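Structure assessment
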Amino acid sequence: MGHPVVAVAIVFVSAAIAMAASSQYSHHPLDPLTATEITAIRAAVLASPLVPARPLFFHYVGLDEPDKPDVLSYAYGAADAAATSSQMTLPRRAFVIARAGGQSHEFTVDIAADNASVLSHAVHRGPGFPMFTDEDQIAAMALPYTYPPFVESVRRRGLDVGEVGCGVLSRGWFGAEQPAYGGARVVKMKCVVVDYNATANIYARPVEGVVMVVDLDRMAIIGYRDRAVFTVPKAEGTDYRADKVGPPFTGPAAPPGVVVQPEGRGFHVHGHLVKWANWEFHVGFDMRAGTVISLASVNDTDAGGLKRRVLYRGFVSEIFVPYMDPEEEWYFHTFTDAGEYGLGALASQLQRGADCPANAVYMDGYYAGSDGKPVKAEDVICLFERYAGDVAWRHTNGIGLGGLFSEVRPDVTLVVRMVVTVGNYDYTLDWEFKTVGSIKIVVSLSGILEMKAINYTHVDQIREDTHGTLITENTIGVYHDHFVTYHLDLDIDGTRNSFIKNNIVPKRNTGVRATGGAPTPRRSYWTVLYEVAETEAEGQVNINSAPADLLFVNPSKKTKIGNEVGYRLIPTGATATSLLADDDYPERRASYTKKQVWVTPYNKSEKWASGLYAEQSTGDDNLAAWSKRNRSIKDEDIVLWYTVGLHHVPYQEDFPVMPTISGALEVRPSNFFERNPLIRTKPPENSPNCSCSIGGSA
């Protein structure tokens with residue numbers, strides 16, 4: 001997250017895309033809410049006598065999924081739970097957070113019946129507030145234009161008030177040291193020069209030194225500070241639009257390519273259920289989390305096509321982005337993007353042929369606007385098969401009487417993609433399913449840096465810590481972090497799993513052989529020490545500290561030769577952890593970012609790493625706080641929380657728009673199958689070793 005002006009601009013786009021539209025419900029219990037259902041939820045809440053105060057604004061409306069045992073029974077049969085039929089009827093409910101009379105109200109709404117009805121109501125009494133609404137941001141944006149001190153500040157900088165746009169920034173939480181506003185829902189606002197004729201890169205032209213404090217419930221400016229005047233960076237050279245950059249386009253370019261699938265797509269979508277190769281899973285949508293992947297199972301061809309469970313439910317739980325400038329106008333830039341702004345609500349409409357290739361299939365989503373009416377998020381999820389020229393497995397045999405020959409199988413994967421634009425940053429969030437049984441989760445960052453105006457034009461002029469990089473004249477790209485935390489409820493062949501640390505430790509060769517062999521001159525080696533995590537404290541891991549294979553196993557399921565079936569966690573770069581002091585307020589709110597791996601017992605209410613009410617949260621209701629109970633995680637239904645972390649030191653190549661950088665994790669079968677599940681995959685037709693006459697592919 002950065003400056004919110006673009007985020008607010010998206011509000012206009014979202015509101016203009018579409019309003020309520022009916023969509024057919026495919027009767028899967030994890031399907032996201034439809035437009036018709038959101039309309040019914042709104043009517044039920046507004047009709048409830050439990051909240052007499054008006055107006056009432058909707059901040060979150062999401063699926064209140066049925067209890068996990070019931071969903072498992074529905075999806076996999078009665079062996080997984082108490083129910084007796086996979087076609088059982090499950091409750092269809094929604095969870096709603098709405099504000100009225102200065103209070104946050106929680107509703108559970110029954111939407112399975114013909115007429116939706118409120119089942120329960122509560123008032124949130126603790127710290128924190130729900131996500132901002134579109135109306136919050138739009139109304140706050142209008143305040144500065146008639147505020148005399150702001151008009152004067154703009155004039156002092158040689159600007160006209162009509163040239164400036166402002167946006168809402170969460171103020172974070174800073175304990176007793178933060179000015180007291182009586183527990184009000186207070187934000188801060190900063191401004192930029194907005195002149196799209198000069199440049200689309202409004203973030204490159206900040207009105208530095210000016211900060212406003214806004215009470216969103218009163219919708220009034222309650223604090224104002226113009227500390228100092230800084231040079232407004234020029235517009236020249238900041239634009240990234242094609243018609244402003246060129247033609248001629250003289251940069252490096254590769255010849256265009258196309259995706260050709262002569263036999264059509266290899267995957268099938270029915271409602272929100274997806275089947276591809278040996279995978280089956282459900283794709284959902286949530287206005288806070290964005291894409292939700294559920295009930296992912298893989299078919300084991302060596303076991304007669306048995307459908308084996310891997311992931312019950314997975315989604316981005318939070319994105320924490322603290323900036324490293326402690327100055328007055330910057331110290332509070334410590335965003336929790338999902339909990340404050342909503343990833344699904346800010347999902348971008350995917351550009352066909354650019355964000356996703358020509359062979360992609362698209363899905364829409366619906367979420368509730370601040371008035372409770374459904375808003376259509378069109379083409380926000382795409383699915384496509386990726387042919388990247390990678391190899392699934394290969395070997396060349398050059399030994400023996402058989403002569404030289406090679407066996408190669410190309411790697412084809414299925415990608416589920418969403419792009420979320422939170423202010424200046426664009427996050428491409430991929431779930432990539434592999435035929436070997438792996439799920440690779442990739443976070444790719446692009447967009448615009450959050451920039452600070454400064455009076456320097458050359459690095460030789462700088463004598464102090466500017467908390468960033470001078471990336472062009474009068475412009476600092478501020479140091480910051482990105483911590484993307486995933487909630488991954490792994491169910492490896494069932495719900496009772498354990499977390500294993502296969503610690504890789506060096507050993508000195510003593511010369512004593514267990515098998516009685518002769519001593520050798522070898523002096524050292526490494527081996528693996530098997531450690532079962534008993535409690536949550538033992539399930540917390542900084543993967544940078546010591547080498548280890550981290551596994552999730554089902555102790556009750558073993559291979560034919562006796563190994564516990566499992567999946568291992570494979571980080572792929574982006575393993576940074578927070579460097580903030582433990583007593584710093586942003587770190588207290590996001591203390592789980594000190595380690596990449598946390599393992600907790602499953603709890604339906606523990607979904608959001610930053611807590612249900614992330615805006616102005618105090619850290620008392622977050623992942624680290626829950627884990628202080630130190631519950632058992634051995635042979636239990638457990639959840640993996642994994643954080644992809646990046647320390648971002650900006651460079652000039654990140655300006656005016658950032659090339660994409662990525663981090664990833666993969667969960668990969670480890671003794672889950674009896675052998676390589678791709679061994680019976682048919683070779684490509686043009687392979688010199690093609691056994692095309694020998695049946696079909698597995």
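Note that this is a predicted model, so its numbers are computed, not measured. (Residues numbered from 1 in each chain as written. Predicted model: local features only at pLDDT ≥ 70, side-chain atom pairs only at ≥ 80, totals over all residues. Heavy atoms only, no water.)

The next thing to look at is the sheet that holds strand β27 (residues 564–572). With antiparallel pairing, the 10 strands of this open sheet are ordered in space as β15-β16-β17-β18-β19-β30-β27-β26-β24-β25. Two strands close off the open sheet at either side, each with one partner strand: β15 (361–368) and β25 (524–532). Going from strand to strand, the sheet's axes swing by 25 degrees on average, the running direction of each strand aside. Both strand β18 (residues 425–434) and strand β19 (residues 439–447) contribute to a ladder of nine bridges, which runs antiparallel. Within the sheet, the bridge partner assigned to aspartate 430 lies in β19 and is valine 442. Taken strand by strand, helix α2 (residues 35–47) contacts β15 and β16 (374–397), and its axis lies near 5 degrees from that of β15. (Pairing = 2+ DSSP bridges. Helix = DSSP H or I, 4+ residues; strand = E, 2+ residues; numbered from the N terminus. Axes fitted to C-alpha atoms, helices over the stretch in contact; angles between N-to-C directions. Contact = heavy atoms within 4.5 Å.)

This brings us to the UniProt feature "modified residue: 2',4',5'-topaquinone" (unreviewed entry) in the protein chain. Summarizing the sequence annotation, UniProt attributes the feature "modified residue: 2',4',5'-topaquinone" (unreviewed entry) to Tyr425 in the numbering used throughout. Relative to the assigned elements, tyrosine 425 resides in strand β18. When its relative accessible area of 0% is taken as the criterion, tyrosine 425 is described as buried. (UniProt positions renumbered as here; feature names shortened; annotations may be inferred. Buried < 20%, exposed > 50% of the residue type's maximum accessible area, 1.4 Å probe, protein only.)

Mapped onto the elements, leucine 488 comes out in strand β23 (residues 480–490). Considering only alpha carbons, one finds leucine 488 and glycine 266, 222 residues apart in sequence, at a separation of 26 Å. Every residue in contact with leucine 488, bar those within four places of it in the chain, is listed here: Leu311, Arg313, Gly314, Trp431, Ile441, Val639, Leu640 and Leu665.

The next thing to look at is helix α3 (residues 68–76). Taken as a whole, α3 has its buried residues at Lys68, Val71, Leu72, Ser73 and Tyr74. Those residues of α3 that are buried are in contact with β12 (290–300), β13 (306–322) and β23. Following α3 by one or two positions, glycine 77 has its phi on the positive side, about 105 degrees.

To continue, consider the packing of aromatic side chains. Scanning all chains against the criterion turns up 19 aromatic pairs. Aromatic side chains phenylalanine 174 and tyrosine 331 sit 4.9 Å apart centroid to centroid with 70 degrees between the ring planes, which places their arrangement in the edge-to-face category. Taken together, the residues phenylalanine 174 in the loop between β5 (164–170) and β6 (186–193) and tyrosine 331 in the loop between β13 and β14 (334–336) connect sequence positions 157 residues apart. With relative accessibility at 26%, the residue tyrosine 331 sits in the partly exposed group. Consider the rings of tyrosine 323 and tryptophan 330, whose centres lie 6.1 Å apart with planes at 55 degrees: the pair is tilted. We note that tyrosine 323, like tryptophan 330, is buried. (Phe/Tyr/Trp six-rings, centres within 6.5 Å; stacked < 30°, edge-to-face > 60°.)

Position of histidine 467 relative to the elements: it lies in the loop between β20 (451–453) and β21 (468–472). Setting aside its immediate chain neighbours within four residues, histidine 467 contacts Met324, Asp325, Pro326, Glu327, Val478 and Tyr479.

Here we come to the pattern of salt bridges. Inspection of every chain in the model, using the stated rule, returns 42 salt bridges. The partner of arginine 185 in a salt bridge is aspartate 217, with the nearest N and O atoms 3.3 Å apart. Taken as a pair, arginine 185 in the loop between β5 and β6 and aspartate 217 in the loop between β7 (210–215) and β8 (220–226) lie far apart in primary sequence, 32 residues in all. With relative accessibility at 3%, the residue arginine 185 sits in the buried group. Where salt bridges share partners, they join Lys68, Arg309, Asp489, Asp491 and Asp637 into one cluster. (Salt bridge = Lys/Arg side-chain N within 4 Å of Asp/Glu carboxyl O.)

Take the domain arrangement of the protein chain next. By a widespread convention, an interface's size corresponds to the accessible area lost as its parts come together. Looking at the assigned domains, one finds that the protein chain contains domain 1 (32–123), domain 2 (134–245) and domain 3 (268–669). Using only C-alpha atoms to locate each centre, domain 1 and domain 2 end up separated by 37 Å. The partner domain 2 presents four residues to the four residues of domain 1 that form the contact. Surface buried jointly by domain 1 and domain 2 totals about 260 Å² across both partners, of which 47% is contributed by carbon and sulfur atoms. For the domain 1 face of the interface with domain 2, the top three residues by lost area are Phe57, His59 and Arg99, together amounting to 93%. Scanning the region where domain 1 abuts domain 2 turns up one salt bridge. For aspartate 217, the salt bridge goes to arginine 99, with nearest N and O atoms at 2.7 Å. Linking domain 1 with domain 2 are one residue pair in polar contact (both at pLDDT 80 or more). Taken together, the residues of the side of domain 1 that touches domain 2 break down into one nonpolar, two polar and one charged. (Domains from an automatic or database assignment. Buried area = accessible area lost by both parts, 1.4 Å probe. Polar contact = N/O pair within 3.5 Å; in protein donor to acceptor, adjacent residues only side chain to side chain. Nonpolar A, V, L, I, M, F, W, Y, C, P; charged D, E, K, R; others polar.)

Enumeration over the complete set of coordinates arrives at two disulfides. Through a disulfide, cysteine 166 is tied to cysteine 191; the S-S separation comes to 2.0 Å. Disulfide cysteine 166 to cysteine 191: torsion about the S-S bond roughly 95 degrees, handedness right-handed. In this pair, cysteine 166 sits in strand β5 while cysteine 191 sits in strand β6, placing the two residues 25 residues apart along the sequence. For cysteine 166, a relative accessible area of 0% gives the class buried. Residue cysteine 356 pairs covalently with cysteine 382 via a disulfide, S to S 2.1 Å. Linking cysteine 356 and cysteine 382, the disulfide has an S-S dihedral of approximately -90 degrees and is accordingly described as left-handed. Remark: cysteine 382 occurs in strand β16 and cysteine 356 occurs in the loop between α7 (337–340) and β15; sequence separation between them is 26 residues. By relative accessible area, which is 1% here, cysteine 356 ends up buried. (Disulfide = S-S within 2.5 Å.)

With six bridges joining them, β7 and β8 adopt antiparallel strand pairing. Its bridge partner lying in β8, methionine 212 is registered against tyrosine 224. Taken together, β7 and the strand that follows it, β8, pair antiparallel across an intervening segment of four residues, in which methionine 219 is found at a positive phi of about 50 degrees.

Counting residues in each nonpolar core, the largest one holds 125 residues, and the members touching the most others are Trp279, Phe281, Trp431, Phe433, Ile439, Tyr486 and Val597. Not counting the four nearest positions on each side in its chain, phenylalanine 281 is found in contact with His272, Leu273, Val274, Ile293, Ser294, Leu295, Ala296, Leu414, Val416 and Phe433. Within the second largest apolar cluster, 20 residues are counted, among which are Ala94, Ala98, Ala100 and Ile111. (Core = buried A, V, L, I, M, F, W, Y, C linked by side-chain atoms within 4.5 Å.)

Throughout the structure, instances matching the rule amount to seven cavities of 30 Å³ or more. The space that makes up the largest cavity amounts to roughly 200 Å³. Forming the walls of the largest cavity are 23 residues, and the residues nearest its centre are Tyr60, Leu63, Phe285, Asp286 and Arg313. Going through the elements one at a time, β1 (57–64), β11 (279–286), β13 and β15 are the ones with two or more residues in the lining of the largest cavity. Top contributing element to the lining of the largest cavity by residue count: β1, with four residues. (1 Å grid on protein atoms, 1.4 Å probe; cavity = no way out; pocket = protein on both sides within 12 Å on 5 of 7 lines; lining within 4 Å. Points joined across faces, edges and corners; volume = space filled by probe spheres on them.)

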